[in-house]
Amino acid sequence: MKKAIGIFDSGVGGLTVYKAIRNTFPNEDLIYFGDTARVPYGPKSPNTIIDYSLQNARFLLQQGIKILIVACNTSSAVAIPALQNLSAIPVIGVIEPGAEQAAKTTKNKRIGVIGTEGTVHSGAYTVAINKLLPEAVIFSQPCPLFVPLVEEGWQEHYVANIIAEEYLADMKKQNIDTLVLGCTHYPLLSKTIQKVMGEEVTLVDSAKAIAAYLSCYLDRENDGQKGKDTFYVSDNESKFSEIAQRILQDNISNLTRVHLYESWFKD
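Source: prediction; values computed, not measured. (Residues numbered from 1 in each chain as written. Predicted model: local features only at pLDDT ≥ 70, side-chain atom pairs only at ≥ 80, totals over all residues. Heavy atoms only, no water.)

Brief notes about the sheet that holds strand E3 (residues 67-70)
Step number 1: Strand order across the open sheet formed by six strands is E4-E3-E1-E2-E9-E10, with parallel pairing between neighbours. Two strands in the sheet have a free side with no partner beyond their single neighbour: strand E4 (91-93) and strand E10 (255-257). With strand direction ignored, the average angle separating the axes of adjacent strands in the sheet is 20°.
Step number 2: Relative to E3, strand E1 (residues 5-9) is paired through four bridges, and the arrangement is parallel. Its bridge partner being in E3, glycine 6 is matched across the sheet by leucine 68.
Step number 3: The strands touched by helix H12 (residues 237-248) within the sheet are strand E2 (30-34), strand E9 (229-233) and E10, with E10 carrying the most contacts at an inclination of about 145°. (Pairing = 2+ DSSP bridges. Helix = DSSP H or I, 4+ residues; strand = E, 2+ residues; numbered from the N terminus. Axes fitted to C-alpha atoms, helices over the stretch in contact; angles between N-to-C directions. Contact = heavy atoms within 4.5 Å.)

As for the side chain of threonine 74
Step number 1: Mapped onto the elements of the fold, threonine 74 is located in helix H3 (residues 73-78).
Step number 2: Look past the residues within four positions of threonine 74 in its chain and what remains in contact with it is Tyr41, Gly42, Ile49, Thr116, Gly118 and Thr119.

Details of the packing of helix H9 (residues 158-172) against helix H10 (residues 190-197)
Step number 1: For the pair H9 and H10, interaxial distance at closest approach is 9 Å and the crossing angle is 45°. Judged by the inter-axis angle, H9 sits oblique to H10. In this structure, H9 meets H10 at a crossing whose hand is right-handed. Taken together, the residues of H10 that come into contact with H9 (itself represented by Ala160, Asn161, Ala164, Glu165, Leu168, Met171 and Lys172) are Thr192, Ile193, Lys195, Val196 and Met197.
Step number 2: Per-class residue counts for the contact of H9 with H10 are seven nonpolar, two polar and three charged. (Parallel < 35°, antiparallel > 145°, perpendicular 65-115°, else oblique. Left-handed = near helix turned anticlockwise from the far one by under 90°. Nonpolar A, V, L, I, M, F, W, Y, C, P; charged D, E, K, R; others polar.)

A look at the nonpolar core
Step number 1: One finds Ile5, Leu15, Ile21, Ile69, Ile129 and Leu214 to be the most contacted residues of the largest nonpolar core, which totals 45 residues.
Step number 2: Residue contacts for leucine 214: discarding those within four places in its chain leaves Ile5, Ile21, Phe25, Ile67, Ile69 and Ile92.
Step number 3: Ala160, Leu181, Cys183 and Val196 belong to the second largest nonpolar core, which has 24 residues in total. (Core = buried A, V, L, I, M, F, W, Y, C linked by side-chain atoms within 4.5 Å. Buried < 20%, exposed > 50% of the residue type's maximum accessible area, 1.4 Å probe, protein only.)

Regarding the packing of aromatic side chains
Step number 1: Taken as a whole, this structure holds eight aromatic pairs when the rule is applied.
Step number 2: Between tyrosine 18 and phenylalanine 231, the aromatic rings sit 5.2 Å apart at their centres with planes inclined by 70°, giving edge-to-face as the arrangement. Highlighted residues: tyrosine 18 in helix H1 (residues 15-24) and phenylalanine 231 in strand E9, separated in sequence by 213 residues.
Step number 3: Taking relative accessible area as the criterion, phenylalanine 231 reaches 3% and is therefore assigned buried.
Step number 4: The interplanar angle of 80° and the centroid separation of 5.2 Å between the aromatic rings of phenylalanine 146 and tyrosine 186 together place this pair among those described as edge-to-face. In this pair, phenylalanine 146 is assigned in helix H8 (residues 146-151) and tyrosine 186 in the loop between strand E7 (178-182) and H10, connecting sequence segments 40 residues apart.
Step number 5: Residue phenylalanine 146 is classed as buried on the basis of its relative accessible area of 1%.
Step number 6: Among the aromatic side chains, those forming a connected cluster through ring pairs are Tyr18, Tyr32, Phe231 and Phe240.
Step number 7: Taking the ring centre of tyrosine 52 as reference, the NZ or CZ of arginine 38 above it sits at 3.8 Å. (Phe/Tyr/Trp six-rings, centres within 6.5 Å; stacked < 30°, edge-to-face > 60°. Lys NZ or Arg CZ within 6 Å of the ring centre and 35° of its normal.)

Written out as structure tokens, the structure reads:
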């Protein structure tokens with residue numbers, strides 16, 4: 001029986017990861033869960049983030065997945081060890097692939113990281129990058145307003161430019177040549193961020209990085225069958241569908257709202 005790749009995020013931002021994986025592996029079945037009832041994860045405590053991440057993972061494991069992708073940077077920053085203890089299947093977060101790409105990309109070894117408060121304060125990207133490139137100097141900046149900008153569809157609105165200028169003012173002074181977009185929403189702001197930072201700074205998209213990283217676990221052989229997509233959310237299907245349409249430039253189908261606690265007792 002064909003097993004799916006499971007992907008979870010705190011909401012809709014992880015659809016950038018889903019999209020990159022779908023484009024890279026068109027024959028794989030993908031199951032996406034967005035925890036829209038409890039988004040955002042960024043400001044929450046590490047214990048709460050771990051609890052939510054374990055609950056999301058248990059739901060996807062019930063679907064018989066073969067690989068778990070933690071598309072949420074905040075969950076990836078604090079919950080990976082707990083998730084790896086939950087199951088024998090591979091568990092892949094977005095931090096390591098993004099860090100690897102940043103380490104390969106930088107020339108002057110001065111790297112910026114932007115993300116949610118939870119991701120930035122965890123220091124996970126700094127640890128991961130320095131493990132690969134000990135001499136790298138990392139500059140981090142939380143950008144919490146970027147997420148609502150994306151969800152309003154204001155990626156290229158003048159307000160987005162003003163906010164990006166404000167958040168990135170200090171980062172621009174640090175002579176970085178590489179900037180990690182450490183939140184799955186942020187690639188959708190890449191035009192605005194690139195405009196503010198300048199063309200000499202290379203942006204690292206963790207969604208694309210994780211799709212490339214998956215090649216270590218999967219082959220790209222075409223079995224002649226297009227992969228099936230299944231989407232679940234914990235709340236507000238209509239809002240999820242609306243934002244998903246903007247992110248994917250396509251309407252999604254096969255979307256179901258689930259109650260996580262109830263789903264645990266169906267086994």
